[in-house]
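# Survey of secondary and tertiary structure
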Amino acid sequence: MFVFFLCNLSLVPAAASKNKVKGSQGQFPLTQNVTVVEGGTAILTCRVDQNDNTSLQWSNPAQQTLYFDDKKALRDNRIELVRASWHELSISVSDVSLSDEGQYTCSLFTMPVKTSKAYLTVLGVPEKPQISGFSSPVMEGDLMQLTCKTSGSKPAADIRWFKNDKEIKDVKYLKEEDANRKTFTVSSTLDFRVDRSDDGVAVICRVDHESLNATPQVAMQVLEIHYTPSVKIIPSTPFPQEGQPLILTCESKGKPLPEPVLWTKDGGELPDPDRMVVSGRELNILFLNKTDNGTYRCEATNTIGQSSAEYVLIVHDVPNTLLPTTIIPSLTTATVTTTVAITTSPTTSATTSSIRDPNALAGQTGPDHALIGGIVAVVVFVTLCSIFLLGRYLARHKGTYLTNEAKGAEDAPDADTAIINAEGSQVNAEEKKEYFI
């Protein structure tokens, strides 16, 4: 059919051909290069601004005609007509493969024929990357080498490494051409020494390529690191006191997890198993006493190694709580000496010790009324006793004087002698009085 159409063109009168040539001097086809991802659809468009009914044609890199105006010339189901007019010829190529890449030609059949080239670029999509080189588990301190590899990219893909969302820059990169000599296989190697902080960390290999439309392909490897235990002892109270219970918790971390733990005291076994009960990772001392003082050791072991921690136990005395007391003085003699010292200070020294009523409100300050009342009562009592004793003394002194005077009168033969005897008795009484005092 295509050959028949070309033969018909050769039968056009010469005058008509001359008109086409004359009217086609300002005509020229316009095309654009096209880039498409492998497996996608490419649209090839050829336009002519001014056309006096001159035919347009698309041909492939092998110079095979695809479409002549709206007539399909190549039997390929992937090639379809999009639009055909005197000013435009557009065709589509679906399910594009790498073999479709090349230079396509749009021809305008003027005299002479005018052409325009459009280059079709097919992007090779990289395969999903794979990470190799990991064998689980890895021992702490070992050197790990991971390799990420992807094939089929065109142009060559870019590989980047991430650990804990932080990019690792120091990596090796290798690019190799595939057997079809159109795509590439790319690999990248990451070397690093592992420690316990790498356990459970996700190492990510990311492949970036223009064919992925800003959605990179990734491969992830979660690390499993085995390491020796780390041990710490945590007491239930920071100030253990005599008579109180105490729980020591042995916090151990390791991989594999150490189970169980071993408790010792001062390098030997626990001395009192009845009071010192081990439950899992806890050492429970029921009632503390001074014999429990010493160094307690917790030891954890797994298949990688062994570790331990120590806790020095010092049992403190229970602090004594002094309660206020009332002192009632006892009178054993008639003479009582009481000394009361009341000192008032506007400030309170940090070293002053005070005894307060436990029933008093917190923060209440002021004099101790009970103490002052007791002192006043004692003073009043002593004063009354002193007055009583003084009264009795005066009464007894008066009676003695009258008895001596009477006695002098009885023994005297006359009045003068009685007076003299009475005076002598007074003198003696005064002497006795002075002596008594």
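Structure shown above.
Since the structure is predicted, the reported quantities are computational estimates derived from the model, not experimental observations. (Residues numbered from 1 in each chain as written. Predicted model: local features only at pLDDT ≥ 70, side-chain atom pairs only at ≥ 80, totals over all residues. Heavy atoms only, no water.)

## Focus on the sheet that holds strand β7 (residues 88-93)
Neighbouring strands of a sheet are bound in pairs by backbone hydrogen bonds; such pairs are parallel or else antiparallel. To keep it simple, the criterion reads: A pair of strands is considered paired only if DSSP assigns at least 2 bridges between the two. Secondary structure elements follow DSSP: runs of H or I no shorter than four residues count as helices, runs of E no shorter than two count as strands, and numbering proceeds from the N terminus. In this description, a line fitted to the C-alpha atoms serves as the axis of each element, helices being fitted only across the stretch in contact, and the angle between N-to-C directions of two axes falls anywhere from 0 to 180 degrees.
Across the sheet, which stays open at both edges, the 3 strands sit in the order β2-β7-β6 with antiparallel pairing between neighbours. The open sheet has two edge strands, β2 (42-47) and β6 (79-84), and neither has a second partner. Going across the sheet, the axis of each strand differs from the next one's by a mean of 20 degrees, ignoring polarity. Two elements, β6 and β7, share 5 bridges in a ladder whose sense is antiparallel.

## What about unusual backbone geometry?
Our working definition: Each residue is placed in one exposure class: buried if its accessible area under a 1.4 Å probe, protein chains only, is under 20% of its type's maximum, exposed if it is over 50%, and partly exposed if it falls in between.
Looking along the chain, the bond that leaves M111 and enters P112 is cis, with omega of 5 degrees. With respect to the element layout, P112 can be found in the loop between β8 (102-108) and β9 (114-123). Looking along the chain, the bond that leaves K255 and enters P256 is cis, with omega of 0 degrees. Tracing the backbone shows P256 in the loop between β20 (246-255) and β21 (261-265). Residue Q63 is not a glycine yet carries a positive backbone phi of 65 degrees. Within the secondary structure, Q63 sits in the loop between β3 (56-59) and β4 (65-68). We classify Q63 as exposed; its relative accessible area is 53%. If you check the backbone angles, D165 has positive phi at about 65 degrees while not being a glycine. Structurally, D165 is set in the loop between β13 (158-163) and β14 (166-168). Judged by relative accessible area, which is 72%, D165 ranks as exposed.

## Observations regarding the pairing of strand β19 (residues 225-235)
By the bridge criterion, 2 bridges tie strand β11 (residues 138-139) to β19 in an arrangement that is parallel. Considered in β19, the bridge of M139 is made with H226. As paired strands, β19 and β20 are joined by 7 bridges and run antiparallel to one another. Looking at β20, one finds that Y227 is bridged to K255.

These figures come from the coordinates and say nothing about function on their own.
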